[in-house]
Amino acid sequence: MGVEIKESPVGDAEFDEMAAFVRDYLEASVENEDDGGRMRWYPWHSAEYRFTHILNVVDIGERIAERTGADVDVVRVAALFHDIAKLEADQETHAEEGARIARKYLETHGDFPPSFVDQVTEAVARHSYQDDLEDLPLEIRCLVEADLLDKAGANGAALMLLRMGYEARTHVDAAEMVDRVLERGEDAAARVESDAAESIAHRRLKRVRWLKEWLEEEVPGMDARS
Ligand SMILES: [Fe+2]
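Values in this document were obtained by computation on a predicted structure and should not be read as measured data.

> I'd like a description of the overall build of the protein, backed by residues and values.
For the protein, the count of helices and strands is nine helices and zero strands. From first element to last, N terminus to C terminus, the protein shows the α and β order α-α-α-α-α-α-α-α-α. By the burial criterion, 35% of the 226 residues in the protein qualify as buried. Taking the intrachain contacts of the protein between residues at least 6 apart in sequence as the baseline, contacts between residues at least 24 apart amount to 64%.

> Could you give an account of the packing of helix 4 (residues 94-108) against helix 5 (residues 114-125), naming the residues involved and the relevant values?
Between helix 4 and helix 5, the least distance of the axes is 7 Å, while the angle of their chain directions is 160°. With respect to helix 5, the axis of helix 4 lies roughly antiparallel. Crossing handedness for the pair helix 4 and helix 5: right-handed. Across the interface between the two elements, A95, E96, G98, A99, A102, R103, L106 and E107 of helix 4 pack against V117, V120, T121, V124 and A125 of helix 5.

> Kindly report on the nonpolar core, identifying the contributing residues and their values.
Core analysis: the largest hydrophobic core is formed by 44 residues, its most contacted members being A78, A79, V124, L143 and L149. Elements that contribute at least two residues to this core include exactly helix 1 (12-31), helix 2 (47-68), helix 3 (72-81), helix 4, helix 5, helix 6 (138-150) and helix 9 (195-218). Counting residues in hydrophobic clusters, the runner-up holds 11 residues, among them A174, M177, L211 and L215.

> Before we move on, can you summarise unusual backbone geometry with the specific residues and values?
Phi at A168 takes a positive value of approximately 55°, unusual for a residue other than glycine. Inspection of the secondary structure puts A168 in the loop between helix 7 (154-166) and helix 8 (174-191).

> Quick rundown of the environment of A190? Include the residues and the values.
Topologically, A190 is positioned in helix 8. With 11 residues separating them in the primary sequence, A190 and A201 have C-alpha atoms 9.2 Å apart.

> Which residues make up the domain arrangement of the protein, and what values go with them?
When the domains of the protein are assigned, the result is domain 1 (12-147) and domain 2 (154-218). Put simply, the middle of domain 1 and the middle of domain 2, counted by C-alpha atoms, are 24 Å apart. If you tally residues by element for the side of domain 1 that touches domain 2, the top one is helix 2, at six residues. Split by residue class, the side of domain 1 that touches domain 2 holds six nonpolar, two polar and five charged.

> Explain helix 2 to me, and be specific about the residues and the numbers.
Taking 1.5 Å of rise per residue, the 22 residues of helix 2 would be expected to cover 32 Å, and the 31 Å separating its terminal C-alpha atoms lies within 8% of that figure. Of the residues flanking the end of helix 2, it is G69, one or two places downstream, whose phi is positive at about 80°.

> Explain the packing of helix 2 against helix 3 to me, and be specific about the residues and the numbers.
Close contact between helix 2 and helix 3 brings their axes to 8 Å; oriented N to C, the two are set at 165°. Between helix 2 and helix 3, the angle falls in the class roughly antiparallel. By crossing handedness, the relation of helix 2 to helix 3 is classed as right-handed. Here I54, V57, V58, G61, E62, A65 and E66 of helix 2 come into contact with helix 3, specifically with V72, V75, R76, A79 and L80. Taken together, the residues of the contact of helix 2 with helix 3 sort by class into eight nonpolar, one polar and three charged.

Thresholds, definitions, all that
Residues numbered from 1 in each chain as written. Predicted model: local features only at pLDDT ≥ 70, side-chain atom pairs only at ≥ 80, totals over all residues. Helix = DSSP H or I, 4+ residues; strand = E, 2+ residues; numbered from the N terminus. Buried ≥ 20, exposed ≤ 12 C-beta atoms within 10 Å, placed from the backbone. Contact = placed C-beta atoms within 7 Å. Axes fitted to C-alpha atoms, helices over the stretch in contact; angles between N-to-C directions. Parallel < 35°, antiparallel > 145°, perpendicular 65-115°, else oblique. Left-handed = near helix turned anticlockwise from the far one by under 90°. Core = buried A, V, L, I, M, F, W, Y, C linked by C-beta atoms within 7 Å. Domains from an automatic or database assignment. Nonpolar A, V, L, I, M, F, W, Y, C, P; charged D, E, K, R; others polar. Expected span 1.5 Å × (residues − 1).

Below, the structure is given as structure tokens:
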């Protein structure tokens, strides 16, 4: 009697190849568009930001999947493809479009089980889900939770402060901007269901609260809610 070891359908080299495909796809989306289309200089509209966000969601999604007993390969591959169409499609259609690209890639590279391909593409297609996360299949829930959490925390605060520069705000607004990140993070924390996601949210919110409090303490007149 032995323990059944489930072989992962996605090896490290295959995963790296997929990641390179996603990065190239995002860069091409920006290169192919006409000048003056979208604000690519804006922190989170660039291919570089989008790819970094994707890798963050892979990392957070893996951690949640491991701790909730979800299929880690489904979650990490779905996370990798979830925003692949974000720079070329509208917000309303990017999830469906991303699912189509993921299916085409997975069906033409390697030898992935059809059930694996179906699970990945369903997760990508449904990652913008807005209702109760309790109703989602486990793997999709891991992806949605990871996507919500990347924007909470120190990372969200850094992006918001960077955006202030583009908006020509002065640093006196910093605590107010960080407070917005905190509010958004609190909304995300209220939505996540798994204990794993809740504990990540809790840790990340604590960092943002500290940052806001430190700013208010060190800079006179910098009161977030004033
Ligand atoms: Fe995302």
